[in-house]
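# Examining the three-dimensional arrangement
The residues making up each chain are set out below.
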Amino acid sequence: MTNPKRVGILTSGGDCPGLNAAIRAVVNHATLTYGWELLGIPYATRGLLECKTIPLGVHSLDLRGIDPLLNMGGTILGTINHGNTLARADEILDGYRAIALDALIAIGGDGSLAILHELAKRGNWQLVAIPKTIDNDVALTERAIGFDTAINTVTDALNRLTFTAASHDRVMVVEVMGRKAGHLALHSGIAGGADVILIPEIPYSIQGVRQHIAELRDRWGRKFAIVVVAEGANHARESLQSSACGMGQYVADLIAECSPVDLEIRASVLGHIQRGGIPSAIDRLTAAAFAKAAVDLLAQGESGKMVAWRSGRVEAVRIRDVVECSPLSVDPNGTLVQTARALAIYVGD
Ligand code: F6P
């Protein structure tokens, strides 16, 4: 027998597909296996600050017996992505006490985990975390909810852009999200058949990009090219600080500037489309496995832990260690970079 628990659940940071699947799995396992009361906290720490809760039951969101949460993008709890939360730490701690939670499950990325870990320390909360991010930059886990769907979304976009680029003999420069990490650009660039992938972790030169595009044409007769640029790949960007355009447009302009022949170039920014959509099967599975493990950790009295995918198993790692090692960068000598080079994709250096 376990003690009756009043457990809060929140989503924090940028939304991504699979958050609702995780919420659903937490509610089902915690309610059916342990008989706990589950309370959703709307808009992450803002909900705590304002003492707001949403009661969550196994069937509370059913539509004619169908549970829509499994395949719904976004988060029914709402989320926040910016803000100096720690400046209002005392009020948040007061809110947590007023709601009278025994424990909290937080689904978030590395930035949110750092803040929540600090709050949990100060307030002596029992906290367990579930990693999510389309950037894949949470350390100590091989998977985070949302990344797989985002790879599929970007790969699909690259497939579409390839046909229009080929039809017009154009260079298509595609800006991909990821903050300071190039995981999303690298994964989807390889899967989507990119010719060039520029990421923050590997220096590149616009001359190198241009030469590669010229070689595609001169050696293989290819008159179009797909250039994937991670939003944080700013090696060539000294003067961009003052510029209003994003990385994609900037790289497109630079390629145009240093091209000896006329190239038709277009920049395309995929933007928040990368965070939307129906979660992939892998993200739903990851969400379910993480949710189950997170609830079990709380039941065992654990705190300060994040569930992590490691060598095909879900394990618990310390949030403190995750925060210290994040954001996780692409290994410039890793398998995927080597694979890209072997496939004659220009990745810099
Ligand atoms: O961390 C997820 C992410 O989508 C990043 O890839 C991107 O830089 C950022 O969030 C965008 O944030 P916002 O939704 O606040 O514009």
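The text that follows walks through the structure, step by step, so that each part is easy to find. (Residues numbered from 1 in each chain as written. Predicted model: local features only at pLDDT ≥ 70, side-chain atom pairs only at ≥ 80, totals over all residues. Heavy atoms only, no water.)

Let us now look at the overall build of the chain. Across its full length, the chain holds 11 helices and 11 strands. For a compact globule of 349 residues, the expected C-alpha radius of gyration is about 20 Å, and the chain comes in at 22 Å, within 12% of that figure. In terms of overall dimensions, the chain has a C-alpha envelope of 70 × 45 × 35 Å along the principal axes. Out of the 349 residues in the chain, the part that is buried amounts to 54%. Sequence-distant contacts, at least 24 apart, represent 74% of the contacts inside the chain between residues at least 6 apart. Summed over all atoms, the accessible surface of the chain reaches about 15,400 Å², with 51% contributed by carbon and sulfur. Mean positive and mean negative side-chain charge positions of the chain (32 and 36 charges, respectively) differ by 3 Å. (Helix = DSSP H or I, 4+ residues; strand = E, 2+ residues; numbered from the N terminus. Rg over C-alpha atoms; globule rule 2.2 N^0.38 Å. Buried < 20%, exposed > 50% of the residue type's maximum accessible area, 1.4 Å probe, protein only. Contact = heavy atoms within 4.5 Å. Areas by Shrake-Rupley, 256 points an atom, 1.4 Å probe, with all protein chains shown as cover. Lys, Arg positive; Asp, Glu negative; His and termini not counted. Charge placed at Lys NZ, Arg CZ, Asp CG, Glu CD.)

Taken together, the residues surrounding the ligand are Asn81, His82, Ile134, Asp135, Met177, Gly178, Arg179, Glu231, His272 and Arg275. Within the side chain of Asn81, one N or O atom sits 3.0 Å away from an oxygen atom of the ligand. Here Arg275 contributes a side-chain N or O atom positioned 2.8 Å from an oxygen atom of the ligand. Within the complex, the protein chains bury 79% of what would otherwise be the 400 Å² of accessible surface of the ligand. (Near = heavy atom within 4 Å. Polar contact = N/O pair within 3.5 Å; in protein donor to acceptor, adjacent residues only side chain to side chain.)

With 6 of 6 residues buried, strand S8 (residues 225–230) is to be regarded as a mostly interior element. In terms of strand pairing, strand S6 (residues 170–176) meets S8 through 6 bridges, oriented parallel. Paired with Met172 across the bridge in S8 is Ile226. Sheet analysis places strand S7 (residues 196–198) next to S8, joined by 3 bridges and oriented parallel. In the sheet register, Ile197 faces S8, and the bridge partner there is Val228. The parallel pair S7 and S8, bridged by helix H7 (residues 206–220), forms a crossover whose chirality is right-handed. (Pairing = 2+ DSSP bridges. Right-handed = clockwise from strand over helix to strand, strands pointing away.)

Pairing between side chains of opposite charge can happen when their charged atoms approach one another. Tallied over the full model, the rule gives 20 salt bridges. Residue Glu37 pairs with Arg6 through a salt bridge whose shortest N-O separation is 3.2 Å. Of this pair, Glu37 sits in strand S2 (residues 37–40) while Arg6 sits in strand S1 (residues 6–11), and the two are 31 residues apart along the sequence. By relative accessible area, which is 26% here, Arg6 ends up partly exposed. With its nearest N and O atoms 3.6 Å apart, the salt bridge here joins Glu264 to Arg266. A relative accessible area of 38% means that Arg266 is categorised as partly exposed. In this structure, a network of salt bridges that share partners links the residues Glu118, Lys121 and Arg122. (Salt bridge = Lys/Arg side-chain N within 4 Å of Asp/Glu carboxyl O.)

This paragraph deals with the environment of Val227. Within the secondary structure layout, Val227 lies in strand S8. Along the primary structure Val227 and Val347 are separated by 120 residues, whereas in three dimensions their C-alpha atoms are 9.9 Å apart.

A separate point is the environment of Ile66. Tracing the backbone through its elements, the reader meets Ile66 in the loop between strand S3 (54–56) and helix H3 (89–99). Taking the C-alpha atoms as reference points, Ile66 and Ala233, separated by 167 residues in sequence, lie 43 Å from one another.

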